[in-house]
Amino acid sequence: MSERKGTISVQTNDIFPIIKKWLYSEHDIFLRELISNATDAITKRAAFARTHNVELPTGKIDVIVNTKEKTVTISDNGVGMTEEEIEKYITQLAFSGAKEFVEKIEQAGEKGSDIIGKFGLGFYSSFMVADKVEVNSLSWQEGAKAASWSCHGDTEYTFSDGTKTEVGTDIVLHINAENEEFLNEWKINETLRKFCDFMPYTISVVNDEKKSEEDYKPSVINEMAPLWKQDPKEIKDEQYLEFFRKLFPMDSEPLFWLHLKVDHPFTLEGILFFPKLNQKMPFQESNIKLYSKQVFVSDNVKHIVPEFLSLLKGVIDSPDIPLNVSRSSLQGDPNVKRISNYVVKKVAEALKKLFNNDREKYQTIWEDTGLFVKYGCVSDDKFDDILRERVIFQGTDDKFQTIAEYKESIPETYAEKLGDKILYFEKDKSDPSLKNILAEEKLSAFIMDDHIDPHFMQHCEMKKSETKPAVQFVSVDSELGNLVASENSTEEDIKVKDLFNKILVGETEVKEGEVEDPSKISIEIQKIKNSTAPAYFKIDEQMKRFAKMAVQMGQNASFPLKKTLVINPGNPLIQNALKISEKGGNDSLVEKICHHVEDLATISSEGLKNDEKEAFLRRTQDLMQELTGHLTQ
Ligand code: ADP
Ligand code: MG
């Protein structure tokens, strides 16, 4: 047998130690790399066969485990390689990838481990788990001679005459001592399932020692025609749901989905599902699985799709997503940018279509999609262009409206007064008694939460255009007085104001050199028809925004807000308080009532903080005691 020796030409001699050392943390990627090479080889052979009009055996890949020999062999029936091709592709070209990797690692210094595993190393990743690798191959080309190459994980390699009789390639890994777990069939199965579940050719795990037994059947790993490759017109809803369950077995049913398919100017297929949001589960970044030609690449889509899209779940498969590239360079990759833009646009269009064609469904799923849509509008201009005017809010009248619909629904009497203003009601903070007042006036306010809504409001206020008219959001409490209170105040109103001022505010003058206590309230009188509560708290809109900003910027959450207690002088409780006070002789009771009015307004808005509860309970007991005392006299 003739042997020919060669040397892998590299500047750095320690390339193999680096591969072994640095890739150790994610060594199972060698299987992904070798299987995807096998897949490419089968695809190439099929393409040649088509153009040359020849019959082919069905493409298949066997992963053969031999525990005695301590080998794992990846065997394919693809194009195969001649000796010259092995020389060229394996010892020269493949190494250029490996060299680049080593350079990157060296540049990154101590941080090197961050790059690992995000950098597919192709063929040479096999040296992470093997101390000797053989390539036995027979090229599909007519008259080709079988070739055999072997290398012990150093820069020397040997060619010898090959023995392979069927077209294809066997990569034989002599598994090293530290990686004997890969001689375990279960481990191989598990790793293959992770990476190859949807690969296009049959992948079987074969037990070399048992394969001659009569009823032996190798286990087939993959499902070869994943749903995203199929024609959306032929797929039933149940199939999409089943596919979703397979990918995300712990999840509840998705709300709806979109099937992505594009051929030009890049190729991409995929299915994205809108999940039911699980508020209790921490946000996950691994919702979208990336494939490249049905080979699993990653379930971390960071830098590939914008962050807001990672609320969606599903798969994206594109040959234009490079397997063998580090993540940091993905960010700048023009194809990746185009893919990202495309996905954003498709998702926006799917929602637009649903809005236009099935408003009812759009509304029922809004509870789950709303956060996503608002987040998308705030973070992506293109998405915003399509969806801002389709963002809906539930109003205090329970109806769901867009901003434009809201403006249209304002009664004429208020249209001019409100102008560009849109009333909002803070879900957990606004006083519910204000809802009745609005309802009586046929007005409504958008109910806003404390999470994404402040950002979305600010976004709409700042970014306007022809199609996105100017809006200004104002909270109900800060605007109601301007809107519905009557302006003339009577002598009695002034007396009410003075009474509350005296008891709740006390010394109003700020002495020179002193700063006014910001938590001190002020008193205002508003005569509002149909108001049911004795008083409510009003906070200036600007103030509210400042406070929110302070919280967002991580400052103290208890930013002191200047509050105004708005008294409704027509309320029977207020009138009684005034009467008792004018009668004289019951100052302590009047005082308690005034404090109680304030307490009620606090409870009705933000609520009592834990440390305020005790004092409140004591005040209430005192008040009841005094009142019942009067009644028993
Ligand atoms: P890449 O796959 O990115 O080209 P690899 O290091 O994985 O880099 O492989 C180097 C080259 O070796 C491949 O491009 C291919 O030409 C050749 N090759 C590797 N494995 C096989 C195989 N099983 N059959 C045929 N050719 C192969
Ligand atoms: Mg490869």
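Residues numbered from 1 in each chain as written. Chains lettered and ligands numbered in written order. Predicted model: local features only at pLDDT ≥ 70, side-chain atom pairs only at ≥ 80, totals over all residues. Heavy atoms only, no water.

A short note on the overall build of the chain
Then step 1. Regarding its fold elements, the chain presents 20 helices and 22 strands.
Then step 2. Every one of the 633 residues in the chain was classed for burial, and the buried ones make up 49%.
Then step 3. Restricting to contacts in the chain with at least 6 residues of sequence separation, those with at least 24 account for 71%.
Then step 4. Accessible surface computed for the chain: about 32900 Å², of which carbon and sulfur atoms make up 49%. (Helix = DSSP H or I, 4+ residues; strand = E, 2+ residues; numbered from the N terminus. Buried < 20%, exposed > 50% of the residue type's maximum accessible area, 1.4 Å probe, protein only. Contact = heavy atoms within 4.5 Å. Areas by Shrake-Rupley, 256 points an atom, 1.4 Å probe, with all protein chains shown as cover.)

With respect to the environment of E591
Then step 1. With respect to the element layout, E591 can be found in helix α19 (residues 587–604).
Then step 2. Its relative accessible area of 41% is what places E591 among the partly exposed residues.
Then step 3. It is 9.5 Å that separates the C-alpha atoms of E591 and K502, two residues lying 89 residues apart in sequence.

Points about helix α15 (residues 476–484)
Structural remark: α-helix, 3.6 residues per turn; residues separated by three or four positions point the same way.
Then step 1. Burial runs high along α15: eight of the nine residues are buried.
Then step 2. Against α12 (412–418), β17 (421–426), α13 (433–440), β19 (472–475), β21 (535–539) and α17 (541–552) lie the buried residues of α15.

Description of a nonpolar patch on the surface
Then step 1. A cluster of nonpolar residues, F546, M549 and M553, forms a patch on the protein surface that exposes about 320 Å² of accessible area.
Then step 2. In this fold, F546 is placed in helix α17. (Patch = residues over 30% accessible without salt bridge, like charges linked within 9 Å, V, L, I, M, F, W, Y side chains within 5 Å. Salt bridge = Lys/Arg side-chain N within 4 Å of Asp/Glu carboxyl O.)

Things to note about the sheet that holds β21
Then step 1. Taken in spatial order, the three strands of this open sheet run β20-β22-β21, and their pairing is mixed. Every interior strand has two partners, whereas the edge strands, β20 (522–525) and β21, have only one. In this sheet, adjacent strand axes meet at a mean angle of 35° when their direction is disregarded. (Pairing = 2+ DSSP bridges. Axes fitted to C-alpha atoms, helices over the stretch in contact; angles between N-to-C directions.)

Observations regarding the environment of E479
Then step 1. Along the polypeptide, E479 turns up in helix α15.
Then step 2. Measuring from C-alpha to C-alpha, the distance between E479 and D540 comes to 8.8 Å, with 61 residues separating the pair along the chain.

Things to note about the packing of aromatic side chains
Then step 1. Applying the stated rule across the entire model yields 29 aromatic pairs.
Then step 2. Taken together, a centroid distance of 4.7 Å and an interplanar angle of 10° make the contact between F48 and W140 stacked. With a gap of 92 residues between them, F48 in helix α2 (residues 29–52) and W140 in the loop between β4 (130–138) and β5 (147–151) connect regions that are remote in the sequence.
Then step 3. For the ring pair F355 and Y362, a centre distance of 5.0 Å and an interplane angle of 85° mean the geometry is edge-to-face.
Then step 4. With relative accessibility at 1%, the residue Y362 sits in the buried group.
Then step 5. An aromatic cluster of at least three residues, connected via ring pairs, comprises F198, W228, Y240, F243, F244, F248, W257, F273 and Y291.
Then step 6. In this structure, K313 packs its charged tip against the face of F248, placed 5.0 Å from the ring centre.
Then step 7. The ring of F537 carries the charged tip of K563 above its face, separated from the ring centre by 4.7 Å. (Phe/Tyr/Trp six-rings, centres within 6.5 Å; stacked < 30°, edge-to-face > 60°. Lys NZ or Arg CZ within 6 Å of the ring centre and 35° of its normal.)

Examining the side chain of K164
Then step 1. For K164, the location among the structural elements is in the loop between β6 (156–161) and β7 (168–175).
Then step 2. According to the relative accessible area criterion, K164 is buried, its value standing at 17%.
Then step 3. Non-local contacts of K164, meaning those with residues more than four positions away in its chain, are made with N136, S137, L138, A146, T169 and D170.

A closer look at α17
Then step 1. Here α17 spans 17 Å end to end across twelve residues, near enough to the 16 Å set by a 1.5 Å rise per residue.
Then step 2. Those residues of α17 that sit buried are E541, K544, A547, K548 and A550.
Then step 3. Buried residues along α17 sit against β17, α14 (453–462), β19, α15 and β21.
Then step 4. One side-chain oxygen at the N-terminal end of α17 lies 3.3 Å from the backbone nitrogen of Q542; it belongs to D540. (Expected span 1.5 Å × (residues − 1). Polar contact = N/O pair within 3.5 Å; in protein donor to acceptor, adjacent residues only side chain to side chain.)

With respect to the confidence of the model for the chain
Then step 1. Mean pLDDT over the chain: 86, with 87% of residues reaching 70 or higher.
Then step 2. Per-residue pLDDT stays below 50 along residues 112–118; that stretch engages in 18 contacts with residues further than four places along the chain or on separate chains. (pLDDT = per-residue confidence, 0-100.)

Overview of the nonpolar core
Then step 1. Counting 74 residues, the largest nonpolar core has V343, V347, L351, F372, F383 and F473 as its most contacted members.
Then step 2. Ranked by the residues each element gives to this core, the list is headed by helix α7 (residues 334–357), at eleven residues.
Then step 3. In terms of nonpolar packing, the next biggest core, distinct from the first, is built from 61 residues, I35, F123, I203 and Y240 among them. (Core = buried A, V, L, I, M, F, W, Y, C linked by side-chain atoms within 4.5 Å.)

Let's talk about unusual backbone geometry
Then step 1. Of note, the bond from H264 into P265 is cis; its omega dihedral lies within 30 degrees of zero at 5°.
Then step 2. Along the polypeptide, P265 turns up in the loop between β10 (256–262) and β11 (268–274).
Then step 3. Positive phi is not limited to glycine here, since K293 has a value of about 50°.
Then step 4. The residue K293 is located in the loop between β12 (288–292) and β13 (295–298) in this model.

Some remarks on the sheet that holds strand β18 (residues 446–448)
Then step 1. The parallel open sheet is built from three strands, whose spatial order is β18-β17-β19. Every interior strand has two partners, whereas the edge strands, β18 and β19, have only one. The sheet shows a mean angle of 45° between the axes of neighbouring strands, taken without regard to direction.

Regarding the packing of helix α16 (residues 491–505) against helix α18 (residues 572–583)
Then step 1. Running from N to C, α16 and α18 cross one another at 80°; their axes reach a closest spacing of 10 Å. The orientation of α16 with respect to α18, classified from their angle, is roughly perpendicular. Counting all contacts with α16, which are made through E492, K495, V496, L499 and F500, the residues of α18 involved are I574, Q575, A577, L578, S581 and E582.
Then step 2. Taken together, the residues that form the contact of α16 with α18 break down as six nonpolar, two polar and three charged. (Parallel < 35°, antiparallel > 145°, perpendicular 65-115°, else oblique. Nonpolar A, V, L, I, M, F, W, Y, C, P; charged D, E, K, R; others polar.)

Quick look at the pattern of salt bridges
Pairs can form between side chains of opposite charge whenever their charged atoms are close.
Then step 1. Under the criterion given, the structure shown has 39 salt bridges.
Then step 2. Put simply, K463 and D381 hold a salt bridge, and the shortest N to O gap is 3.0 Å. Here K463, found in the loop between α14 and β19, pairs with D381, found in helix α10 (residues 381–387); they are 82 residues apart in sequence, far enough to count as distant.
Then step 3. Residue D381 is classed as partly exposed on the basis of its relative accessible area of 45%.
Then step 4. Here the salt bridges do not stand alone but share partners, grouping E426, D477, K544 and K548 into one network.

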